[in-house]
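Close look at the chain arrangement
One-letter residues, chain by chain:
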Amino acid sequence: MVTTLHHILANSIVLLALKLGILLLLLPATLVVGYVELKVMAHMQHRLGPMYAGAYHGWAQTLADGLKFIQKEDIMAAATDRTVFSMVPYITMLGAALTFVVIPFSRHGVIANLDIGLFYALAVSSISVIGVLAAGWASANKYSLMGGLRAAAQLIAYELPLVLAAAAVAMQAGSLSLVSIAEAQRYVPFALWAQPLGFLIFLAAATAEVSRTPFDMPVAEAEIITGAFTEYSAMKFAFGLFAAEYIAMIGMSALAATLFLGGYVPLLPQLRFVPGPVWFLIKTGLLIFLLIWIRWTFPRLREDQLQKFAWKVLIPLSLVNIFVTGALKLAHWT
Amino acid sequence: MNDESKLKKATFGTGLLKGLGITMRHMVSKAVTVQYPDEIAPLPPRSRGVIALKEENCTMCMLCARECPDWCIYIEGHKERRESRGEGKRAKAFNVLDRFAIDYALCMYCGICVEVCPYDALFWSPEFEYAEGDITRLTHEMERLEDWMRTVLPPSPLDDGAKGPEIKSAAPVVPAPAAAPAAAAPAPVETAPGPPPAAGRPAGMSEAEFVEQRAAAGRLVRQKVYEEEIAKGSEPRIAEARSKAAEMRARKATLPETEPAPPVTPAPAPSRPAAGMSAADAAAVRRKVYEEEIAKGSDPRIAEARSKAAELRARKGTKGPGG
Ligand code: SF4
Ligand code: SF4
């Protein structure tokens, strides 16, 4: 009895450290993803991108940017609501980071294997909307307010197809636990079998959720100057906008990889010797690259097109997807 | 309505995939960036980097300053009178340039001043590395503008069958004093039957060298006159102006009217390649000239320009009237 308890305790302390480590790794991960985005975008435009910082192909560019942001003066306009204004970066970062609590890196490498993991992930990922709205309101700036409202309208609109596409996956797997969902895709990911439509809907909605082109109306630099974050500077800007955006992007990619590509599950039984986290990272990385690729290919949608696309295309399609999934499930075809 | 009908025409989604294909293709192809301070992009030899002033050609007509859309050319000068030189000769007034400056902080490099100058006093030079930390230093005064002349390429050779400019000076050519040793180079001067010979330039001397030597000779004269004037007790300003005028006269006396002499004539300089030269041989000429220039201690860029000019001349030699 005592030994088992001891065993569990020791294990959980080690595990806890590991799990905290995963969350702490998110910040460096944003630097890496930011760097990759700089490079990919540059090469898509026939440029080289950063080449100097860190001597080798500018690998330290995002790090240098981060340090620069830390050194900058933190400016707040006189009319801002200072408390709310200062809380925003925490809210957006937290909302983005909390998703990782339920995402499995391997069969046991998950911070908390909740029974309702999927529900939890979708719920916390919409916390950041509050942050963006608060930023828009607290800034006392018309561009910020416009951006905040656009963000709220967009995130609410695209939350629906996101949730509906995920619901079809939950039906397919018969579980809301992300580990069980991943296990249900042993060797045949849902994106290839049973849920290809759901995968596309989820991708589109996820892109909109993280406000990236072609759905970047809320931050559109050319018209409302990064929207809700116009008034932000220095650290608050770096964390509230950049870090939060990249963490949200990594989180959404990780979620999509788990829901539709099988997460840590190998793609082929013959490749079982490759450890789960490696599979997970490969699949997430591919989706991140896809998001970057899309961003630097497509132009921004107009606000009305954006809403039309969500309500008239994505939501009906995802309802059809749920219906078909249910019908096939009943007929025991999948 | 409109975009919906357009959407129906194309198969849905193909446009998106096509776009993704394009960006992917561009991503894997080579970037065109040149990492500037580390590597220098090969500029066309006649790129427009900075404007050089050939001061002795400027008559202070003010056309450039008036045409400049940015009003960034500053010209100041005064008139001088030369008394009659003898019976039946009129007294003459002429302009002396005191200041000629271009503010490159304002200039938009439109080239109108170069186009409009009727006396070939302004030239484009390919130099472009003259950024400054202080904006006032971007106003290049006369000395600096003249200095850029060193980097101006000689005019390009004439087209096939084109007639060179008429050169009036029938007077025997007096080489500039400093050019004397070079003139002794063993060069059998055989004038081609067609166009007049390039006056003034001793055989065996490159265009740029000749220009420089001439300028040096002119400067000597100027310095001498200046010192004389000062010794006579003239005001420095007057001395300055007179010496400048003397320099101009000295140069005019020794020189053909068109300058630099366009290399239209098949001047039989020993360094000049024979007619019928292939591109490869011309390239060899270029290398040779380049190495010579470097050995002489010229700036690599100038060596580059000179060797390129030599190559061009070499190639043209195949087409010129002599060949
Ligand atoms: S290039 Fe144009 S703007 Fe510049 S000095 Fe000449 S005329 Fe003026
Ligand atoms: S147009 Fe030519 S000659 Fe006239 S003032 Fe300008 S540089 Fe001198």
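Summarised in this report is the structure supplied together with it.

For chain B, the count of helices and strands is 10 helices and 5 strands. Split into buried and exposed, the 323 residues of chain B put 35% on the buried side. A fraction of 70% describes how many contacts in chain B between residues 6 or more apart in sequence connect residues 24 or more apart. Carbon and sulfur atoms make up 58% of the accessible area of chain B, which amounts to about 19,700 Å² in all.

Broken down by element type, chain A carries 13 helices and 0 strands. Counting from the amino terminus, helix and strand elements in chain A follow one another as α-α-α-α-α-α-α-α-α-α-α-α-α. Here chain A, with 334 residues, has 51% of them falling under the buried criterion. The long-range fraction of contacts in chain A, counting pairs at least 24 apart against all pairs at least 6 apart in sequence, stands at 77%. In the form shown here, chain A has an accessible surface area of approximately 15,800 Å², with 75% of it arising from carbon and sulfur atoms.

With that settled, the discussion passes to the interface of chain B and chain A. Contacts between the two partners involve 17 residues from chain B and, on the opposite side, 16 residues from chain A. Taken together, both faces of the contact between chain B and chain A bury some 1,400 Å²; the carbon and sulfur share is 63%. Taken together, the links from chain B to chain A amount to 0 salt bridges. Across the contact surface, chain B and chain A share 8 residue pairs in polar contact (both at pLDDT 80 or more). Contributions of two or more residues to the side of chain B that touches chain A are made by α1 (2–9) and α2 (14–28) of chain B. For the side of chain B that touches chain A, the leading source of residues is α2(B), giving 7 residues. Classifying every residue of the side of chain B that touches chain A gives 7 nonpolar, 6 polar and 4 charged.

Residue and element names in this part refer to chain A. With 19 residues, helix α2 (residues 26–44) ought to run about 27 Å at 1.5 Å a step, and its terminal C-alpha atoms sit 26 Å apart, in line with that. Residues L26, T30, V33, G34, Y35, E37, K39, V40, M41, A42 and M44 constitute the buried set of α2. Looking one or two residues past α2, H46 carries a phi angle of roughly 60°, positive in sign.

Residues and elements named next belong to chain B. Mapped onto the fold, P126 is located in the loop between β4 (122–125) and β5 (139–140). In sequence terms P126 and A52 are 74 residues apart; their C-alpha atoms lie 9.9 Å from each other. Among all residues touching P126, those that are not within four sequence positions of it are L43, P45, S47, G49 and T151.

With that out of the way, let us pick up the site of ligand 2. Taken together, 14 residues surround ligand 2, and among them B:C58, B:C61, B:M62, B:C64 and B:C117 come closest. In terms of residue class, the shell around ligand 2 is made up of 13 nonpolar, 1 polar and no charged.

The next point concerns unusual backbone geometry. All names here are of chain B. The phi torsion at M60 lies on the positive side, around 60°, for a residue other than glycine. Relative to the assigned elements, M60 resides in the loop between β1 (50–53) and α3 (63–67). Phi is positive for W71, close to 50°, though the residue is something other than glycine. Structurally, W71 is set in the loop between α3 and β2 (73–82). By relative accessible area, W71 is classed as exposed at 59%.

All names here are of chain A. A cluster of nonpolar side chains, Y56, W59, L63, L67, I70 and M235, forms an exposed patch at the surface whose accessible area comes to about 640 Å². The topology assignment puts I70 in helix α3 (residues 61–71). Classification of I70 by relative accessible area gives partly exposed; the value is 48%.

As a further point, take a positive patch on the surface. All names here are of chain B. Residues R85, K89, R90 and K92 make up a contiguous surface patch of positive charge. With respect to the secondary-structure elements, K92 resides in strand β3 (residues 92–103). Relative accessible area serves as the criterion here: at 47%, K92 is assigned to the partly exposed category.

Our next topic: the pattern of salt bridges. Residue and element names in this part refer to chain A. Counted by the stated rule, this structure contains 14 salt bridges over all chains. Of the charged contacts, one joins R186 and E183 as a salt bridge, the two residues approaching to 2.9 Å between their closest N and O atoms. Overall, R186 belongs to the partly exposed group, its relative accessible area being 33%. Residue E183 is classed as buried on the basis of its relative accessible area of 19%. We note a salt bridge from R295 to E245, for which the minimum N-O separation is 3.6 Å. Of the two residues, R295 is situated in helix α12 (residues 276–295) and E245 in helix α11 (residues 234–260); the sequence distance between them amounts to 50 residues. Residue R295 is classed as buried on the basis of its relative accessible area, which comes to 18%. The buried category is assigned to E245, whose relative accessible area is 16%. Connected through shared salt-bridge partners, E37, R212, E245 and R295 make up one network.

What follows is about the pairing of β1(B). Residue and element names in this part refer to chain B. Going residue by residue along β1, you find V50 and A52 tucked away on one face and I51 and L53 tucked away on the opposite face as well. Pairing of β1 with β4 involves 4 bridges; the strand directions are antiparallel. When the bridges of β4 are listed, V50 appears paired with S125.

Grouped together as the largest cluster of nonpolar side chains are 69 residues, with contacts concentrated most on A:L118, A:Y158, A:L178, A:F202, A:L255 and A:L259. The element that contributes the greatest number of residues to this core is α11(A), accounting for 12 residues. Those residues in contact with A:L178, other than ones at most four positions away along the chain, are A:V102, A:I103, A:P104, A:G117, A:L118, A:L255, A:T258 and A:L259. Of all hydrophobic cores here, the second largest spans 31 residues; its members include B:I73, B:L122, B:W124 and B:V152.

So, about the packing of aromatic side chains. Within this structure, the stated rule accounts for 16 aromatic pairs over all chains. Their ring planes at 55° and their centres at 5.2 Å tell us that A:Y158 and A:F215 sit as a pair that is tilted. With a gap of 57 residues between them, A:Y158 in helix α7 (residues 142–173) and A:F215 in the loop between α9 (196–209) and α10 (221–224) connect regions that are remote in the sequence. You can call A:Y158 buried: its relative accessible area is 0%. By way of ring pairs, the aromatic residues B:Y104, B:Y109, B:W124, B:Y130 and B:W148 are connected into one cluster. Stacked on the ring of A:F69, the Lys or Arg A:K68 has its end atom at 5.1 Å from the ring centre.

Parameters and conventions
- Residues numbered from 1 in each chain as written.
- Chains lettered and ligands numbered in written order.
- Predicted model: local features only at pLDDT ≥ 70, side-chain atom pairs only at ≥ 80, totals over all residues.
- Heavy atoms only, no water.
- Helix = DSSP H or I, 4+ residues; strand = E, 2+ residues; numbered from the N terminus.
- Buried < 20%, exposed > 50% of the residue type's maximum accessible area, 1.4 Å probe, protein only.
- Contact = heavy atoms within 4.5 Å.
- Areas by Shrake-Rupley, 256 points an atom, 1.4 Å probe, with all protein chains shown as cover.
- Buried area = accessible area lost by both parts, 1.4 Å probe.
- Salt bridge = Lys/Arg side-chain N within 4 Å of Asp/Glu carboxyl O.
- Polar contact = N/O pair within 3.5 Å; in protein donor to acceptor, adjacent residues only side chain to side chain.
- Nonpolar A, V, L, I, M, F, W, Y, C, P; charged D, E, K, R; others polar.
- Expected span 1.5 Å × (residues − 1).
- Near = heavy atom within 4 Å.
- Patch = residues over 30% accessible without salt bridge, like charges linked within 9 Å, V, L, I, M, F, W, Y side chains within 5 Å.
- Lys, Arg positive; Asp, Glu negative; His and termini not counted.
- Charge placed at Lys NZ, Arg CZ, Asp CG, Glu CD.
- Pairing = 2+ DSSP bridges.
- Core = buried A, V, L, I, M, F, W, Y, C linked by side-chain atoms within 4.5 Å.
- Phe/Tyr/Trp six-rings, centres within 6.5 Å; stacked < 30°, edge-to-face > 60°.
- Lys NZ or Arg CZ within 6 Å of the ring centre and 35° of its normal.

Note that all results are geometric; they support no functional claim without further evidence.
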